[in-house]
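# Observations on the model geometry
Letter by letter, the chains look like this.
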Amino acid sequence: MIRFTLLLLLCLACITGCSDPARPHLEELLGEYGRVVGTPFPELELYEGDERKVRYLHAHSAATHQMLKNYLSVDRPITAELKQFLIDWQTVSKSSMDLHEKMIQDGRYAYNDDEKEIAERLTKGEALAGFELMDHFEGY
């Protein structure tokens with residue numbers, strides 16, 4: 001009898017926990033972000049020093065931007081706050097991607113005076129966005 005009661009409570013907890021229509025979409029977002037963070041970019045082994053750093057920042061920003069673009073291309077039952085956060089994050093990742101892409105095209109792997117502060121803010125913004133994303137999962 002106790003086993004049956006425990007099994008019933010476990011089933012009810014699972015059903016209740018899955019009742020939020022946003023949950024699968026949030027889990028998908030977390031999974032996609034995990035894939036971006038875990039992407040090794042083996043082609044970067046061909047480069048050294050500042051060139052490797054600039055190419056890594058470009059590749060990571062491009063992967064983040066594409067992940068967010070794909071995720072936002074589908075209408076999902078997520079909060080307006082989370083959606084705006086993702087749109088803002090996508091904008092930051094696009095700006096970082098564009099900055100580093102231009103440097104690569106120019107064959108430049110050191111920031112000029114104007115770019116250094118901007119690149120620093122964009123890079124920190126992208127990193128902090130990943131941590132802030134976790135705040136949106138409180139209560140799930």
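That block above? That's the structure.
None of these values were measured; they are calculated from a predicted model.

Analysis parameters
- Residues numbered from 1 in each chain as written.
- Predicted model: local features only at pLDDT ≥ 70, side-chain atom pairs only at ≥ 80, totals over all residues.
- Heavy atoms only, no water.
- Helix = DSSP H or I, 4+ residues; strand = E, 2+ residues; numbered from the N terminus.
- Buried < 20%, exposed > 50% of the residue type's maximum accessible area, 1.4 Å probe, protein only.
- Contact = heavy atoms within 4.5 Å.
- Areas by Shrake-Rupley, 256 points an atom, 1.4 Å probe, with all protein chains shown as cover.
- Expected span 1.5 Å × (residues − 1).
- Axes fitted to C-alpha atoms, helices over the stretch in contact; angles between N-to-C directions.
- Left-handed = near helix turned anticlockwise from the far one by under 90°.
- 1 Å grid on protein atoms, 1.4 Å probe; cavity = no way out; pocket = protein on both sides within 12 Å on 5 of 7 lines; lining within 4 Å.
- Points joined across faces, edges and corners; volume = space filled by probe spheres on them.
- Nonpolar A, V, L, I, M, F, W, Y, C, P; charged D, E, K, R; others polar.
- Phe/Tyr/Trp six-rings, centres within 6.5 Å; stacked < 30°, edge-to-face > 60°.

Scanning the protein from N- to C-terminus turns up five helices and zero strands. A buried classification covers 30% of the 140 residues belonging to the protein. Contacts spanning at least 24 positions in sequence make up 69% of the contacts within the protein whose residues lie at least 6 apart. Working note: accessible area of the protein is about 9300 Å², and carbon and sulfur atoms make up 59% of it.

On to helix H4 (residues 80-106). With 27 residues, H4 should reach 39 Å at 1.5 Å per residue; the first-to-last C-alpha distance of 39 Å fits that figure. Three or more residues of H4 are buried, namely Leu 82, Phe 85, Leu 86, Trp 89, Gln 90, Ser 93, Ser 96, Met 97, Leu 99, His 100, Met 103 and Ile 104. Looking at the buried positions of H4, the neighbouring elements they touch are helix H2 (23-37), helix H3 (49-72) and helix H5 (113-135).

So, about the packing of H3 against H4. Contact pair H3 / H4: the axes reach a minimum separation of 8 Å and the direction vectors enclose 145°. Judged by the twist between their axes, the crossing of H3 over H4 is left-handed.

Here the largest pocket is characterised by a volume of approximately 180 Å³. Within the residue set of the lining of the largest pocket, elements represented by two or more residues are H3 and H5. Residue contributions to the lining of the largest pocket peak at five residues, all from H5. Residues belonging to the lining of the largest pocket are distributed by class as follows: six nonpolar, one polar and five charged.

Summed over the entire model, instances satisfying the criterion amount to three aromatic pairs. Aromatic side chains Phe 41 and Tyr 56 sit 5.9 Å apart centroid to centroid with 80° between the ring planes, which places their arrangement in the edge-to-face category. In this pair, Phe 41 is assigned in the loop between H2 and H3 and Tyr 56 in helix H3, connecting sequence segments 15 residues apart. Judged by relative accessible area, Phe 41 falls into the buried class, the value being 9%. With a centroid separation of 5.7 Å and an interplanar angle of 40°, the aromatic rings of Phe 85 and Trp 89 are classed as tilted.

Bringing empty space enclosed by the protein into the picture now. Inspection of every chain in the model, using the stated rule, returns one cavity of 30 Å³ or more. Estimates place the volume of the largest cavity at around 60 Å³. Lining the largest cavity, in full, are Tyr 71, Leu 72, Val 74, Asp 75, Arg 76, Ile 78 and Lys 83. Among the residues forming the lining of the largest cavity, the class breakdown is four nonpolar, no polar and three charged.

Treat this as a map of the structure, not an account of what it does.
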